[in-house]
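Single-letter residue listing:
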Amino acid sequence: SQQGEEDPQALSIQEGENATMNCSYKTSINNLQWYRQNSGRGLVHLILIRSNEREKHSGRLRVTLDTSKKSSSLLITASRAADTASYFCGPQGGSEKLVFGKGTKLTVNP
Amino acid sequence: DGGITQSPKYLFRKEGQNVTLSCEQNLNHDAMYWYRQDPGQGLRLIYYSQIVNDFQKGDIAEGYSVSREKKESFPLTVTSAQKNPTAFYLCASSFARKQPQHFGDGTRLSIL
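These figures come from a predicted structure and were not determined experimentally. Numbering of residues starts from 1 in every chain and runs along the sequence as written. The lettering of chains begins at A and the numbering of ligands begins at 1, in the order of writing. For this predicted model, a pLDDT threshold of at least 70 governs which residues receive local features, and a threshold of 80 or more governs which side-chain atom pairs are given and counted, while totals over whole chains, interfaces and linings are taken from all residues. Side-chain numbers come from the whole structure's heavy atoms, not from hydrogens or water.

**Student:** Is there a simple way to explain a nonpolar patch on the surface in this structure?
**Tutor:** Residues and elements named next belong to chain B. Taken together, Tyr10, Phe12 and Leu112 make up a surface patch of nonpolar side chains, about 380 Å² in accessible area. Elements are defined by DSSP. Helices are runs of H or I of four residues or more, strands are runs of E of two residues or more, and each kind is numbered from the N terminus. Locating Tyr10 in the fold gives a position in strand β2 (residues 10-13). Burial classes follow relative accessibility: with a 1.4 Å probe on protein chains only, a residue under 20% of its type's maximum area counts as buried, one over 50% as exposed, and anything between as partly exposed. For Tyr10, a relative accessible area of 52% gives the class exposed. Each patch is built from residues lacking any salt bridge and having more than 30% relative accessible area; the joining distance is 9 Å for like charges and 5 Å for nonpolar side chains (Val, Leu, Ile, Met, Phe, Trp, Tyr). Note on areas: Shrake-Rupley with a 1.4 Å probe; residue coverage comes only from the protein chains shown. By convention in these notes, a salt bridge is any Lys or Arg side-chain nitrogen within 4 Å of a carboxyl oxygen on Asp or Glu.

Put into structure tokens, the structure is as follows:
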């Protein structure tokens, strides 16, 4: 089944800076989903981008998708301490299960 | 408020014991999932169900069992055959397979 691989594994920035994390996958997809996980909690869905979309925005979040490179990126602008969390991507093909990678651990320092 | 509830938050298992983790949702979702997360790792799919009275094995089903007798409920039993059950277990649900998943806050299982 499809699995996303997030990069970098860890990212540490100062409050107010932008954070960019990337996701690569191997086969064709119908959609790709991004999730956030705060420590000790469940995942929270952030954005779903379909294979025929190139960019999507939600508040301070911007997701891009390049199907030719089989990659996606999540940009968090003007980061806040509350954005500290792990971020996971989930590429999803035809009838495939959603399989998450190990995530990017983001730390936003006040 | 609609949501997905997992209980208990913490669970301890003795050697040779089966334990059952509860997952209940009131979101009217058809699909439900169980994942296992080990420290510093991603989520691995244990079982999933697309509809009542039907479920499929995920990537790591050995040592686990599930039932789906009601739309709202998808309990997971960790059997004594699962030799390394210590992990964080997450339940999720969605309207359909390709829709965003809603997660509970997990059950942390440890061995006594």
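From this point, things continue past the structure.
**Student:** I'm lost on the sheet that holds strand β8 (residues 71-76) of chain A in this one. Help?
**Tutor:** Residues and elements named next belong to chain A. Criterion used throughout: strands pair if DSSP finds at least two bridges between them. Pairing within the open sheet is antiparallel, and its five strands lie in the order β1-β3-β8-β7-β6. Two strands in the sheet have a free side with no partner beyond their single neighbour: β1 (5-7) and β6 (55-58). The mean inter-strand angle of the sheet, taken between neighbouring strand axes irrespective of direction, is 20 degrees. Pairing of strand β7 (residues 61-66) with β8, which is carried by six bridges, proceeds in the antiparallel orientation. Structural elements are reduced to axes, namely lines fitted to C-alpha atoms, with helices fitted over the stretch in contact, and the angle between N-to-C directions of any two is expressed from 0 to 180 degrees.

**Student:** Sorry if this is basic, but what is going on with the state of the cysteines here?
**Tutor:** When the sulfur atoms of two cysteines share a covalent bond, that bond is a disulfide. We call a pair of cysteine sulfur atoms a disulfide whenever their separation is within 2.5 Å. Applying the stated criterion to the full structure yields two disulfides over all chains. Residue Cys23(A) pairs covalently with Cys89(A) via a disulfide, S to S 2.0 Å. One quick way to see it: the torsion about the S-S bond of Cys23(A) and Cys89(A) is about 65 degrees, and its sign makes the bridge right-handed. Here the residue Cys23(A) occupies a position in strand β3 (residues 19-24), and Cys89(A) occupies one in strand β9 (residues 85-92), the gap between them amounting to 66 residues. Taken as a pair, Cys23(A) and Cys89(A) share a single burial class, namely buried. Note on cysteine connectivity: Cys23(B) is disulfide-linked to Cys91(B), with sulfurs 1.9 Å apart. Its torsion about the S-S bond being -75 degrees, the disulfide of Cys23(B) and Cys91(B) is classed as left-handed. Of the two residues, Cys23(B) is situated in strand β3 (residues 19-25) and Cys91(B) in strand β9 (residues 87-94); the sequence distance between them amounts to 68 residues.

**Student:** How should I be thinking about the environment of Gly40(B) in this particular structure?
**Tutor:** Residue and element names in this part refer to chain B. Inspection of the secondary structure assignment puts Gly40 in the loop between β4 (31-37) and β5 (43-51). For Gly40, a relative accessible area of 66% corresponds to the exposed category. Considered as a pair, Gly40 and Val78 are 38 residues apart in the sequence and their alpha carbons are 22 Å apart.

**Student:** Could you clarify how one ought to interpret the nonpolar core in this entry?
**Tutor:** Nonpolar side chains in soluble globular proteins tend to be buried together. The biggest cluster of nonpolar side chains holds 21 residues, and the ones touching the most others in it are Met21(A), Leu32(A), Trp34(A), Leu74(A), Ile76(A), Tyr87(A) and Leu106(A). At the level of secondary structure, the elements contributing two or more residues to this core comprise β3, β4 (31-37), β5 (43-50), β7, β8, β9 and β10 (104-109) of chain A. The contact definition used throughout considers only heavy atoms, calling two residues in contact when any of these lie within 4.5 Å. The contact partners of Leu74(A), leaving out residues within four places of it in the chain, are Ala19(A), Thr20(A), Met21(A), Trp34(A), Leu46(A), Leu61(A), Arg62(A), Val63(A) and Tyr87(A). To form a nonpolar core, buried Ala, Val, Leu, Ile, Met, Phe, Trp, Tyr and Cys residues must be joined to one another through side-chain atoms within 4.5 Å. Of all hydrophobic cores here, the second largest spans 20 residues; its members include Val19(B), Trp34(B), Tyr64(B) and Leu76(B).

**Student:** I'm lost on the interface of chain A and chain B in this one. Help?
**Tutor:** A common way to state how big an interface is: give the accessible area lost once the parts meet. Across the boundary between the two partners, chain A contributes 23 residues, which contact 20 residues of chain B. Together, the buried faces of chain A and chain B total about 1,700 Å²; carbon and sulfur atoms form 48% of this surface. Considering only the surface of chain A that becomes buried against chain B, Leu43(A), Lys97(A) and Phe100(A) emerge as the three largest contributors, covering 28% of it. In this structure, the connection of chain A to chain B is made through one salt bridge. Between Asp105(B) and Arg41(A) there is a salt bridge, and its shortest N-O distance comes to 2.9 Å. Think of a polar contact as two N or O atoms within 3.5 Å of one another; within protein, one of them needs to be a possible hydrogen donor and the other a possible acceptor, and neighboring residues in sequence only count if both atoms come from side chains. Summed over the shared surface of chain A and chain B, the result is four residue pairs in polar contact (both at pLDDT 80 or more). Within the residue set of the side of chain A that touches chain B, elements represented by two or more residues are β4, β5 and β9 of chain A. Two parts placed together each lose some accessible area under a 1.4 Å probe, and adding up what both lose gives the buried area.

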